[in-house]
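What the coordinates show
Below are the chains, spelled out letter by letter.
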Amino acid sequence: MKMNNFKMQSKNLHLHYGENHVLKGINLGVRPNEITALIGPSGCGKSTFLKTLNRMNDLIDNVKIEGEVYFDDINIYDSKVDVYLLRKRVGMVFQKPNPFPMSIYDNICYGPKLHGVVKSKFDEIVEKSLKGAALWEETKDRLKKSALSLSGGQQQRLCIARALAINPEVLLMDEPTSALDPISTIKIEDLMSDLRKKYTVVIVTHNMQQAARISDRTAFFLMGDMVEFDETEKIFSMPKDKKTEDYITGRFG
Amino acid sequence: MAVSLYSGKTSKDKIEKIFKYIFFLSAIVSTISIIVITLYMVLSGGPAILEVGFIEFIFGTVWEPTSANPRFGILPMILSSIVATFGSVIIGVPLGVFGGVFISQICPKKLKPIFRTAVELLAGIPSVVFGLVGMLVVVPVVADIFNLPVGSNLFSAIVILTVMILPTIIAITDTSLRSVSQSLQESSLGLGATSIQTIFKVLIPSAKSGIMSGVVLGVGRAVGETMAVIMVAGNVVNMPKFFDSVRLMTTGIVLEMSYAGDFHRSVLFGIGLILFIFILILNILLNIFLKRAGNHYE
Amino acid sequence: MNKKFRLFDFFLKSLIWISGIFIFTVLISIIFFVFYKGLPSISWNFLITAPSELDGTIGILPMIINTVYIIVITLVISTPIGIFSAIYLNEYAGKNKLVKIIEFTTETLAGIPSIIYGLFGFAFFVVGLKLGYSILSGALTLTIMILPTIIRTVQEALKTVPNMYREGALGLGATKLHIIRTILVPSSIPGILTAIILSIGRIVGESAALIFTAGLGYSLPSGFFEHVKSTGATLTVQLYQYAIRGESLEIPFAIASILVIIVLIVNIATKVIAKSFNKER
């Protein structure tokens with residue numbers, strides 16, 4: 001039984017990077033099957049916060065993390081947690097498309113192979129994942145071609161497909177369209193509203209229109225604090241905080 | 001709910017740890033090697049040096065290892081090594097720097113890859129091949145030109161060493177010059193300087209640390225070279241004179257190792273130890289230059 | 001511009017041209033001279049017989065075999081150690097003191113001249129470990145000698161693997177080891193190949209480190225393990241032997257031509273690898 005109706009929840013989360021206090025006590029709950037957008041000016045901590053949700057910050061030297069992050073009812077910073085299993089269930093899509101230098105097919109199978117899925121299921125997984133990322137029609141005849149031969153937008157959808165191939169429950173997206181052209185961006189936004197049906201999505205974006213278009217809830221970050229967190233509609237129509245209003249009306253950032 | 005977040009952690013972590021350990025052990029192989037090499041050189045050569053007497057060993061001028069009353073002075077070898085190295089550096093460095101300038105700045109674009117390949121080839125040719133060519137070409141030609149009965153001497157050794165250190169100096173000069181920023185060069189040209197003025201007033205000074213490290217590497221190669229020198233230097237223990245046969249520290253070791261008795265052999269290790277210390281000092285110098293070069297380009 | 005300046009400019013420019021052409025001429029002459037003197041003496045018989053007073057043959061087959069033995073044994077030991085070191089330095093170690101020490105000692109190892117390796121190999125492997133003058137002693141000595149080359153070349157290759165591949169794989173739940181196995185090592189294959197080829201070139205050209213470790217033997221092998229334990233001269237060492245005996249210079253020049261051809265092949269191979277790698281990107 002779940003203690004609450006959050007898929008993931010941070011409690012009083014602090015993060016120090018050396019001398020810098022990057023996250024200053026974040027309390028944020030992500031609801032299942034919703035898209036939660038994190039917005040704010042550069043350096044506000046939104047990307048850092050996103051990476052605490054699958055512990056990608058563990059890689060960096062002299063990072064200190066205090067507080068708790070719950071995935072269902074498990075604190076993922078508990079020493080007994082297997083971080084690799086966590087990342088299987090909390091997938092990630094990065095700012096720059098980063099397909100591996102191998103074939104499209106092998107890119108999708110990388111995760112399943114890693115987590116011990118039997119080979120006979122690969123064909124099915126590849127088709128399902130590519131369909132899930134709206135890339136199947138474009139690539140079904142060239143699955144053995146190098147993934148690097150795809151266009152930027154296709155590469156990013158491949159990365160989404162690659163993340164879907166291991167059946168995550170949560171999908172973290174770190175400015176997934178910032179390196180893409182407008183048409184590719186629209187395709188990925190369309191895709192995201194489909195993804196919501198099966199997955200819980202947390203997306204960091206610089207683009208406020210994007211947050212307004214696709215997300216159910218939006219959190220506004222500023223200098224390591226979460227200033228405001230509410231339904232997207234409310235944030236964009238009647239923000240409670242003056243700083244939020246300034247930001248979304250373009251007065252700074 | 002699917003898999004728990006706890007399962008599988010310990011076995012995976014164990015394998016990760018074991019491999020990290022294996023990688024670490026491999027990484028310290030080179031460090032351990034240096035320590036063991038140093039230890040062996042000191043243990044094999046140190047006692048002999050002490051027994052001969054450090055001063056007598058370094059400054060003694062008589063080398064009679066097999067006489068009834070053996071003498072072990074290696075000053076002639078040390079000085080010959082120094083003069084041979086110095087001589088090849090004096091000729092090789094300007095020639096090599098000019099060569100590097102030629103390849104990176106002056107030579108027509110189409111010829112560049114050919115020249116670079118040629119330099120790489122030169123760097124790869126084994127010492128014994130240089131020695132062989134030296135024996136058959138340099139030695140007789142030196143005898144001819146300077147009207148000597150035999151051409152196996154210090155001068156021939158310097159010629160061969162010069163050719164051998166050229167590729168190092170050319171290659172490093174070439175790369176250091178290429179890494180000097182284009183804008184620096186353009187601004188100098190824009191001020192009305194000629195390309196030659198730009199090369200000597202702007203490019204070479206900014207690439208100085210890089211070029212210096214090339215020089216130190218060249219010195220290292222010349223000091224350590226053995227087989228090529230044996231074949232052209234005549235190998236008599238003499239104080240260094242250009243047209244006299246000489247024996248260097250390196251060649252002194254090779255020439256007598258095969259028949260040396262126990263103590264004699266330890267003394268040869270003593271020569272090796274002195275050479276080793278010399279090389280270590282050069283390496284530290286090199287490191288300083290490289291560090292400066294690194295800072296410079298940052 | 002001032003006339004004096006222009007003259008000086010012209011002088012320097014000529015000097016650079018002369019140096020460039022001089023260096024190039026010297027190199028080309030060395031190669032042609034070696035080929036001119038050596039190639040005519042190379043015959044099939046020369047390549048497939050052993051030197052023997054009885055049969056009156058002067059072939060170099062044993063030296064070819066010895067050289068191949070030393071190359072194989074040296075690489076079998078040093079390639080994994082070198083790759084693992086590079087992986088450790090690039091993927092695991094942070095920027096602490098230990099890493100600086102390892103990097104400094106690797107640099108230092110690279111600067112030690114062959115003759116010192118020869119002395120050390122003699123004292124440590126031949127006498128200390130009682131391996132005697134043998135192909136094994138020679139190969140172990142060269143293992144240490146070429147380690148820096150392998151470490152450095154593989155490290156360079158690892159550095160060119162974009163960080164986002166590592167991130168992407170981590171995000172899928174891959175462990176570090178898995179990323180090394182599935183992404184980093186495959187992407188570094190060209191670098192690893194280059195390291196191996198460079199090492200082959202270095203081993204083929206080596207002589208001072210081998211005379212007192214692998215010795216001067218010239219008999220044909222009777223079995224792999226026996227041969228590893230017996231003494232054996234490589235091509236370079238045999239060249240030196242012939243040259244200082246001074247009887248005839250035909251054989252050493254023939255060996256020298258073979259060595260230069262190997263160096264040529266090594267150079268071309270590294271170029272081809274680098275090119276095919278760049279094309280892939």
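If you're wondering where the values come from, they're calculated on a predicted model, not measured in any experiment. (Residues numbered from 1 in each chain as written. Chains lettered and ligands numbered in written order. Predicted model: local features only at pLDDT ≥ 70, side-chain atom pairs only at ≥ 80, totals over all residues. Heavy atoms only, no water.)

1. What about the overall build of chain B?
Stated formally: Helix and strand definitions here come from DSSP, where helices need a minimum of 4 consecutive H or I residues and strands a minimum of 2 consecutive E residues; each element is numbered from the N-terminal end. All radius of gyration figures rest on C-alpha atoms, and the globule criterion is 2.2 Å times the number of residues raised to 0.38. Only protein chains enter the accessibility calculation, which uses a 1.4 Å probe; a residue is then buried when its area is under 20% of its type maximum, exposed when over 50%, and partly exposed in between. To measure how exposed things are, a 1.4 Å probe is used in the Shrake-Rupley method; for residues, cover is taken only from the protein chains shown. The charged-residue count follows a simple rule in which Lys and Arg add positive charge and Asp and Glu add negative charge, with His and chain termini not counted at all. In this description, the location of a charge corresponds to atom NZ of lysine, CZ of arginine, CG of aspartate or CD of glutamate.
Across its full length, chain B carries 13 helices and two strands. Scaling as 2.2 N^0.38, a compact globule of 298 residues should have a C-alpha radius of gyration of about 19 Å, whereas chain B reaches 25 Å, well beyond that. Split into buried and exposed, the 298 residues of chain B put 54% on the buried side. As presented, chain B carries roughly 13100 Å² of accessible surface, and 68% of it is formed by carbon and sulfur atoms. A gap of 13 Å separates the mean positions of the 19 positive and 14 negative side-chain charges of chain B.

2. With respect to the pairing of strand β9 (residues 217-222) of chain A
A regular strand places its side chains so that they alternate between the two faces of the sheet. Residues and elements named next belong to chain A. What counts is decided by this rule: One requirement defines pairing of two strands: DSSP has to find at least two bridges between them.
The buried fraction of β9 is high, at six of six residues. The side-chain alternation of β9 yields two buried faces, one formed by Arg217, Ala219 and Phe221 and the other by Thr218, Phe220 and Leu222. Looking at chain direction, strand β3 (residues 35-39) and β9 are connected through four bridges and run parallel. For Thr36, the partnering residue across the bridge sits in β9 and is Arg217. Adjacent in sequence and paired antiparallel, β9 and strand β10 (residues 225-231) are bridged by two residues, among which Met223 carries a positive phi angle near 50°.

3. Remarks on the interface of chain C and chain B
Rule in force here: Contact criterion: two residues are considered in contact whenever any of their non-hydrogen atoms come within 4.5 Å of each other. Simply put, the buried area is the total loss of 1.4 Å probe accessible area from both parts when two parts are fitted together. When a carboxyl oxygen of Asp or Glu is within 4 Å of a side-chain nitrogen of Lys or Arg, the pair counts as a salt bridge. Any pair of N or O atoms that falls within 3.5 Å is considered a polar contact. Within protein, one atom must be able to donate a hydrogen and the other to accept it, and sequence-neighbouring residues count only if both atoms are side-chain atoms. All residues other than Ala, Val, Leu, Ile, Met, Phe, Trp, Tyr, Cys, Pro, Asp, Glu, Lys and Arg, Gly among them, are scored as polar; the first ten of these are nonpolar and the last four charged.
On the chain B side, the residues contacting the 73 residues of chain C number 77 residues. A buried area of about 6800 Å², summed over both sides, lies between chain C and chain B, and 84% of it is on carbon and sulfur atoms. Taken as a group, Ile16, Ile23 and Leu119 of chain C account for 9% of the area that chain C buries against chain B, more than any other trio of residues on that side. Across the contact surface, chain C and chain B share one salt bridge. For Glu120 of chain B, the salt bridge identified is with Lys271 of chain C, shortest N-O distance 3.1 Å. For the interface between chain C and chain B, the tally reads six residue pairs in polar contact (both at pLDDT 80 or more). Looking at the side of chain C that touches chain B, its residues break down into 54 nonpolar, 13 polar and six charged.

4. Examining helix α10 (residues 208-224) of chain B
Applied cut-off: Given a helix with a known number of residues, its expected span is that number minus one, times 1.5 Å.
Compared with the 24 Å implied by 1.5 Å per residue over 17 residues, the 24 Å span of α10 of chain B between its first and last C-alpha is a close match. With 13 of its 17 residues buried, α10 of chain B lies for the most part within the structure.

5. Looking at the side chain of Asp230 of chain A
All names here are of chain A. Residue placement: Asp230 occurs in strand β10. Take Asp230: its relative accessible area is 15%, and that puts it in the buried class. Filtering out sequence-adjacent residues up to four positions away, Asp230 remains in contact with Arg217, Thr218, Ile235 and Lys240.

6. Let's talk about the domain arrangement of chain C
All names here are of chain C. Short version of the rule: Each domain span listed reflects an automatic or database assignment of domains.
Assigned domains within chain C: domain 1 (3-41) and domain 2 (60-280). A separation of 33 Å is found between the C-alpha centroids of domain 1 and domain 2. Taken residue by residue, the interface counts eight residues in domain 1 and eight residues in domain 2. Summing both partners gives a buried area of about 640 Å² for domain 1 against domain 2, and 85% of it is carried by carbon and sulfur. Together, Val34, Phe35 and Ser41 form the three largest contributors to the area buried by domain 1 at its contact with domain 2, with a combined 57%. Run the count over domain 1 and domain 2 and you get zero salt bridges. Between the two partners, domain 1 and domain 2, sit one residue pair in polar contact (both at pLDDT 80 or more).

7. Details of the pattern of salt bridges
All names here are of chain A. Taken as a whole, this structure holds 24 salt bridges over all chains when the rule is applied. Asp230 is the partner of Lys240 in a salt bridge, and the nearest nitrogen-oxygen pair spans 3.0 Å. Of this pair, Lys240 sits in the loop between α9 (232-237) and α10 (242-248) while Asp230 sits in strand β10; the two residues are 10 residues apart in sequence, bridging distant segments of the chain. On the basis of relative accessible area, Lys240 is assigned to the exposed category, the value being 66%. Here the salt bridges do not stand alone but share partners, grouping Lys7, Asp72, Arg89 and Glu169 into one network.

8. Looking at the pairing of strand β8 (residues 200-204) of chain A
Residues and elements named next belong to chain A. The element β8 is largely enclosed, with a buried count of five among its five residues. Neither face of β8 is open: one carries Thr200, Val202 and Val204, the other Val201 and Ile203, and all of them are buried. Here strand β7 (residues 170-174) pairs with β8 via five bridges, running parallel. Looking at β8, one finds that Val170 is bridged to Thr200.

9. A word on the environment of Ala143 of chain B
Residues and elements named next belong to chain B. Its place among the elements puts Ala143 in helix α6 (residues 127-145). With 136 residues separating them in the primary sequence, Ala143 and Ile279 have C-alpha atoms 32 Å apart. Leaving out residues up to four positions away in the same chain, Ala143 has contacts with Leu148, Val150 and Gly151.

10. Things to note about the packing of aromatic side chains
Any two aromatic rings considered together are summarised by their centre-to-centre distance and by the angle between their planes. Note the cut-off: Each pair of aromatic rings taken from Phe, Tyr and Trp, with Trp reduced to its six-membered ring, is defined by centres within 6.5 Å and is described as stacked if the planes are under 30 degrees apart, edge-to-face if over 60, and tilted in the remaining cases.
As enumerated under the stated definition, the model contains 30 aromatic pairs over all chains in all. With centroids separated by 5.5 Å and ring planes inclined at 45°, the aromatic side chains of Phe23 of chain B and Tyr92 of chain C adopt a geometry described as tilted. Remark: Tyr92 of chain C occurs in helix α3 (residues 61-92) and Phe23 of chain B occurs in helix α1 (residues 9-27); the pair is interchain, linking two chains. Grouping residues by exposure puts Phe23 of chain B and Tyr92 of chain C together as buried. Arranged with centres 5.0 Å apart and planes meeting at 90°, the rings of Tyr40 of chain B and Phe124 of chain C form a pair that is edge-to-face. Linking Tyr40 of chain B in helix α2 (residues 29-52) with Phe124 of chain C in helix α5 (residues 114-128), this pair reaches from one chain into another.

11. Considerations on the environment of Ile64 of chain C
All names here are of chain C. By the secondary structure assignment, Ile64 is in helix α3. Note on Ile64: relative accessible area 27%, which makes it partly exposed. The spatial distance from the C-alpha of Ile64 to the C-alpha of Ile102 is 35 Å, given a sequence separation of 38 residues. Here Ile64 is in contact with Leu47 and Leu235, once residues within four sequence places are set aside.

12. Focus on helix α5 (residues 112-124) of chain B
An α-helical turn contains 3.6 residues, so a residue and the one three or four places further along point in the same direction. With 13 residues, α5 of chain B should reach 18 Å at 1.5 Å per residue; the first-to-last C-alpha distance of 19 Å fits that figure. Turning to α5 of chain B, its buried residues number three or more, namely Lys112, Phe115, Ala118, Val119, Leu121 and Leu122 of chain B.

13. With respect to the packing of α3 of chain C against helix α9 (residues 189-205) of chain C
Residues and elements named next belong to chain C. Note the following rule: The axes used here are C-alpha line fits, helices contributing only the stretch in contact, and every angle between their N-to-C directions lies in the interval 0 to 180 degrees. Angles are sorted into four bins: roughly parallel if under 35 degrees, roughly antiparallel if over 145, roughly perpendicular if 65 to 115, and oblique for all others. If you view the pair so one helix is near and one far, a crossing is left-handed when the near helix is turned anticlockwise from the far one by less than a right angle, and right-handed when it is turned clockwise.
Running from N to C, α3 and α9 point in directions that differ by 140°, and their axes come no closer than 10 Å. By the angle between their directions, the pair α3 and α9 is classed as oblique. Read as a crossing pair, α3 and α9 show a hand that is right-handed. Each of Thr67, Ile70, Ile71, Thr74, Leu75, Thr79 and Ile83 in α3 lies in contact with α9, whose residues at this interface are Ile192, Ile196, Ser199, Ile200, Ile203 and Val204. Grouping the amino acids of the contact of α3 with α9 by side-chain chemistry returns nine nonpolar, four polar and no charged.

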